Amino acid sequence: MNRHGLRVLEFEKIRGRVRDRCLTDEASTAIRRERVQTDPDRIRALLDRVGVLKSCLASTVESPDLGFPPVTGILERLSREGVVLEPLELANIAQFTKSSVALHEYLYAAAEQARTGGRAAAPLTDRLAEFVGDHPPVHPVYERLFRYVDPDGSVREREIPELRSIRSEILRAEQDLQKSAAALAQRDDVKRLLSATVPTQRDGRTVLALKADHRGKLHGIVHEVSGSGATIFVEPEELVVRNNAVVEAENRYRNELLRIMRDLSRFCREAIETLRETVALAVETDRALCRARFAQDYSCQRADLGARRLLLRRARHPLLGDAAVPINVDMPEDKRVLIVTGPNTGGKTVTLKTIGLLALMNQFGLEIPAAPGSELPVFSGVYADIGDEQSIEQNLSTFSGHMRNIARILNHADDTSLVLLDELGSGTDPEEGGALAMAMLDELLRRRPFTVVTTHHGRLKHYGFTHPQALNASVEFDPDSLRPTYHIIPGVPGSSHAVEIAAQMGILRSVTTQAKAYLAGEEYDTGRIIRRLTDREQELRHHEQRVGERERELEAQARSMSARADELDRRERELRSGKIRELEQWAGEARSRLENLVREIREGELTREKTQAVKAYIAETGEELAREREASGPVGRRPDGQDNDSFRPDLQLAEGTAVRVRSSGKEGVVHRRGKGSTWVVQLGPVRLPVEEQDLVPVRRRAEGLSVSYAGAVGGEQAPAFELDLRGYRLEDALAAVERQIDRALLFGLSDFGIVHGMGEGVLQQGVRDLLRRHTHVAHFEFARPEEGGFGRTDVHLQ
């Protein structure tokens with residue numbers, strides 16, 4: 001990728017902000033060395049990982065406390081036989097591996113939460129496993145290391161019996177030494193010889209500070225003489241044995257500690273391949289995770305990769321923060337040059353930098369700060385000529401610097417490049433500069449890179465109108481406030497508004513008035529046309545805003561009315577259900593009373609005729625309850641409104657009758673008479689016995705037409721309740737679906753299933769696209785898991 005373009009577009013600042021979000025030093029180093037990619041497959045793979053991890057970060061699973069100290073150098077040392085690691089180095093290995101496991105578990109927990117939260121997120125764990133996989137088995141490593149060292153590298157000697165025992169010996173020896181030294185210093189014959197009665201340390205041994213005047217009066221070993229020569233630090237003979245005892249105990253402690261560190265180092269060396277795999281996995285995960293954090297922090301979205309058009313929706317320059325004004329840029333496939341004009345300080349240069357920087361971010365595996373639906377090609381190079389190219393050391397003027405840079409661009413740009421040119425043709429005579437700029441655009445059109453230029457030259461505005469592969473755009477200028485709005489208006493060139501901006505910057509009114517007078521006699525007709533087009537564009541935008549606001553208001557009203565209708569429907573169902581419960585309670589009580597009466601009558605030796613009369617009364621009571629239930633209507637369905645036409649209580653149940661099941665609300669077709677008072681009903685792909693009182697005839701076909709799905713009508717074969725497309729080519733499968741819908745409409749079959757399997761998803765997507773477009777399909781959805789799940793689609797016709 002072009003280094004000059006990376007520099008002027010300030011890509012390294014973005015790289016730095018990504019590195020700031022790394023958890024590991026190793027990943028930060030890798031990000032620093034990474035290059036902007038030009039291979040679409042690599043970019044797509046990295047963006048896939050970023051998208052998965054971004055979804056994980058959006059979960060409510062609590063993030064663990066992680067610490068990743070640098071370990072790459074430690075593992076390099078460890079690979080050499082005989083090397084003994086320090087306690088802090090072992091602690092770093094333990095902390096890194098434990099954090100790596102915790103991060104791995106956190107990501108899977110977050111992915112699992114997203115999977116259970118909705119069907120669309122179901123494959124998230126599978127997608128995470130594709131590049132994270134299983135973690136290497138490092139639990140034994142950090143568990144054993146943390147038994148001997150703490151995360152800060154201190155030795156846990158209280159947990160190690162050998163060290164704890166030796167430490168106790170050291171403490172006892174030091175206490176004996178201190179007591180002996182203090183007692184010696186307080187003896188009258190010794191005290192007068194000392195410059196200080198408090199024992200001190202020299203060379204790790206306890207000594208007394210002897211006055212130089214009494215040299216030789218206290219027998220012992222001289223360890224040091226003060227700088228002034230007035231004090232001699234002597235280890236008296238009485239303390240030598242006790243000092244030796246302390247030193248010997250400390251040596252035993254160091255030897256034991258060395259033995260433990262050697263054993264732990266050998267243990268880690270045996271697991272070094274597992275440790276290297278752990279570090280590689282953590283670093284690779286972190287390289288994508290830091291990008292996901294960046295995308296989350298900057299509200300980024302993934303752009304459509306490899307598109308043939310350049311489309312940015314509400315794109316923001318990430319380095320401007322909250323001050324960034326979203327812009328829209330659209331270069332269709334048949335356009336190759338976008339000419340942006342308008343006032344100074346209006347945002348033209350920021351537009352160039354936003355386009356270039358977002359293109360680089362996209363090819364660095366970053367999502368971009370823009371709205372969904374943005375599209376970016378994969379560029380082989382991003383070339384930019386932005387800013388002042390003046391160089392005193394190389395004897396280059398501003399114009400010369402621009403020309404040298406543009407010369408390099410013209411030599412290297414091709415049809416897969418992005419070229420950004422700021423203030424093209426400026427810095428020299430306007431006539432010559434304009435002509436040179438048009439010739440450069442001619443060459444760029446011949447080479448066909450995506451080219452975006454900013455300019456004030458009127459000739460280039462004409463160029464945008466007269467060349468079919470060129471497109472004009474302008475930065476908006478508010479005529480009321482006389483300030484730029486930083487919005488991009490496509491298709492319309494803009495005026496520079498130099499006089500108005502000069503007035504805003506404090507130029508004398510007399511000067512700006514005179515400037516307007518000069519312009520009045522020299523303004524081209526195109527200037528007035530441009531202003532009228534700009535005004536018309538602003539009017540259209542304001543009209544679109546009003547229409548959009550009205551649409552949002554209507555949508556809000558529609559949602560409110562729908563919610564109100566749902567609430568009324570819910571209350572209606574509650575009232576009906578309550579009424580039925582009351583009736584059933586009454587019937588139960590009445591039946592109980594009458595049964596008791598019958599029992600009493602039998603015990604009272606009444607006649608058989610009277611007993612039958614009582615039973616007839618019970619039957620009449622049950623019939624009355626059924627009539628009351630029928631009058632209340634089916635629960636969950638409105639007896640009035642649009643559903644009213646579908647109910648046909650006058651129809652008798654028979655084979656082929658279209659019915660609705662009261663209890664579930666599902667519709668089907670009577671297949672045959674069942675046992676007792678039941679009918680076998682075809683409900684989608686299954687046949688179920690249903691009680692006759694739970695069935696309501698509905699009108700789904702012409703009256704009097706006897707439907708038999710096993711036969712044919714007019715020579716047309718009957719539709720299938722379940723259309724199996726597995727093994728079909730996509731073209732044949734779509735034709736079969738079309739025939740199935742036609743036959744279902746002819747035979748009055750409103751519901752059926754399509755088995756397409758899952759596989760690579762081509763057949764599934766093609767079938768669902770056809771159903772989405774078909775005018776006779778009311779709606780469709782995947783089947784329940786027990787009925788085929790994502791491998792089957794249930795279709796409901798209008």
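Here, the structure is the one placed above.
The rules behind these values
Residues numbered from 1 in each chain as written. Predicted model: local features only at pLDDT ≥ 70, side-chain atom pairs only at ≥ 80, totals over all residues. Heavy atoms only, no water. Buried < 20%, exposed > 50% of the residue type's maximum accessible area, 1.4 Å probe, protein only. Helix = DSSP H or I, 4+ residues; strand = E, 2+ residues; numbered from the N terminus. Arc of directions from axis to C-beta. Pairing = 2+ DSSP bridges. Axes fitted to C-alpha atoms, helices over the stretch in contact; angles between N-to-C directions. Contact = heavy atoms within 4.5 Å. Parallel < 35°, antiparallel > 145°, perpendicular 65-115°, else oblique. Left-handed = near helix turned anticlockwise from the far one by under 90°. Nonpolar A, V, L, I, M, F, W, Y, C, P; charged D, E, K, R; others polar. Phe/Tyr/Trp six-rings, centres within 6.5 Å; stacked < 30°, edge-to-face > 60°. Lys NZ or Arg CZ within 6 Å of the ring centre and 35° of its normal. Patch = residues over 30% accessible without salt bridge, like charges linked within 9 Å, V, L, I, M, F, W, Y side chains within 5 Å. Areas by Shrake-Rupley, 256 points an atom, 1.4 Å probe, with all protein chains shown as cover. Salt bridge = Lys/Arg side-chain N within 4 Å of Asp/Glu carboxyl O.

K.L.:
Just to check I follow, could you spell out helix 7 (residues 124–131) for this structure?
P.N.:
Every α-helix winds through 3.6 residues per turn, so residues three or four apart in the chain are directed the same way. For helix 7, every residue scored as buried is listed here: Leu124, Thr125, Leu128 and Phe131. All buried residues of helix 7 project into a common sector of 135° when viewed along the axis, lining one side. Opposite the packed face of helix 7, turned more than 90 degrees from it, sit the exposed residues Asp126 and Glu130. Gly133 sits one or two positions beyond helix 7 and adopts a positive phi of about 65°.

K.L.:
What's the story with the sheet that holds strand 25 (residues 792–797) in this structure? I'm lost.
P.N.:
Whenever strands of a sheet pair, they do so through backbone hydrogen bonds, lying parallel or antiparallel. Reading across the sheet, the four strands line up as 22-23-25-24 and stay open at both edges, with mixed pairing between neighbours. Two strands lie at the open edges of the sheet, namely strand 22 (722–724) and strand 24 (777–782), each paired on one side alone. Ignoring strand direction, the axes of neighbouring strands in this sheet form an average angle of 20°. Note that strand 24 and strand 25 share five bridges and pair antiparallel. The partner of Phe782 across the bridge, within strand 25, is Thr793. Across the face of the sheet, helix 22 (residues 762–773) comes into contact with strand 23 (751–755), strand 24 and strand 25 while running at roughly 155° to strand 24.

K.L.:
Explain the packing of helix 2 (residues 11–19) against helix 3 (residues 25–33) here, please?
P.N.:
In the contact formed by helix 2 and helix 3, the axes pass within 9 Å of each other and the chain directions differ by 165°. Taken together, the axes of helix 2 and helix 3 are roughly antiparallel relative to one another. Crossing of helix 2 over helix 3 shows right-handed handedness. In contact with Arg15, Val18 and Arg19 of helix 2, helix 3 contributes Ser28, Ile31, Arg32 and Arg33. Considering only residue class, the contact of helix 2 with helix 3 consists of two nonpolar, one polar and four charged.

K.L.:
Quick question: what am I supposed to make of the packing of aromatic side chains here?
P.N.:
Going through the model one piece at a time under the given rule, you end up with five aromatic pairs. A centroid spacing of 5.1 Å and a plane angle of 85° characterise the contact between Phe68 and Phe96, whose relative ring orientation is edge-to-face. Note that Phe68 is positioned in the loop between helix 4 (40–57) and helix 5 (72–78) and Phe96 in helix 6 (residues 87–117), a separation of 28 residues in sequence. The buried category is assigned to Phe96, whose relative accessible area is 1%. Centre to centre, the rings of Phe782 and Phe790 are 5.0 Å apart; their planes meet at 80°, and the pair counts as edge-to-face. Across the ring face of Tyr253, the terminal group of Arg167 is positioned such that the distance to the ring centre comes to 4.4 Å. Positioned over the ring face of Phe364 is Arg291, at 4.6 Å from the centre of the ring.

K.L.:
Would you take a moment to explain the pairing of strand 25 for this structure?
P.N.:
Residues in a regular strand project their side chains so that they alternate between the two faces of the sheet. Counted residue by residue, strand 25 has six buried out of six residues, so it is predominantly covered. Side-chain alternation along strand 25 places Arg792, Asp794 and His796 on one buried face and Thr793, Val795 and Leu797 on a second face that is also buried. With five bridges connecting them, strand 23 and strand 25 associate as antiparallel partners. Bridge pairing links Val755 to Arg792 in strand 25.

K.L.:
How do you make sense of the packing of helix 9 (residues 161–186) against helix 11 (residues 237–270) when you look at a structure like this?
P.N.:
Between two packed helices, the angle of one axis relative to the other and the distance separating the axes together describe the packing. One way to put it is that helix 9 packs onto helix 11 with a least axis distance of 9 Å and a crossing angle of 160°. By the angle between their axes, helix 9 is roughly antiparallel relative to helix 11. Once helix 9 is placed against helix 11, the crossing between them reads as left-handed. For the contact of helix 9 with helix 11, the residue count by class is 14 nonpolar, two polar and eleven charged.

K.L.:
Explain the environment of Glu692 here, please?
P.N.:
Locating Glu692 in the fold gives a position in the loop between strand 18 (686–691) and strand 19 (695–697). Not counting the four nearest positions on each side in its chain, Glu692 is found in contact with Leu653, Arg673, Ser677, Thr678 and Trp679.

K.L.:
What am I meant to see in the sheet that holds strand 1 (residues 194–202) here?
P.N.:
Ordered by their spatial adjacency, four strands build an open sheet running 1-2-4-3, and the pairing between neighbours is antiparallel. The outermost strands of the open sheet, each flanked by one partner alone, are strand 1 and strand 3 (220–225). Neighbour to neighbour, the strand axes of the sheet diverge by 35° on average, direction disregarded. In the sheet, strand 3 pairs with strand 4 (residues 231–236) via five bridges, with the strands oriented antiparallel. Looking at strand 4, one finds that Glu224 is bridged to Phe233. Packed onto the sheet, helix 11 meets strand 2 (205–211), strand 3 and strand 4 and runs at close to 75° relative to strand 4.

K.L.:
Hey, could you run me through a nonpolar patch on the surface in this one?
P.N.:
A contiguous nonpolar patch, built from Ile507, Leu508 and Val511 and spanning about 280 Å² of accessible area, is present on the exposed surface. Its location among the elements puts Val511 in helix 18 (residues 509–520).

K.L.:
How do you make sense of the pattern of salt bridges when you look at a structure like this?
P.N.:
Any two side chains of opposite charge can pair if their charged atoms end up close together. Tallied over the full model, the rule gives 35 salt bridges. Note that Glu34 and Arg287 form a salt bridge whose closest N and O atoms lie 2.8 Å from each other. Here Arg287 lies in helix 12 (residues 272–297) and Glu34 lies in the loop between helix 3 and helix 4, a separation of 253 residues in the sequence. Through salt bridges with shared partners, a single ionic network connects Glu34, Arg49, Glu284, Arg287 and Arg291.

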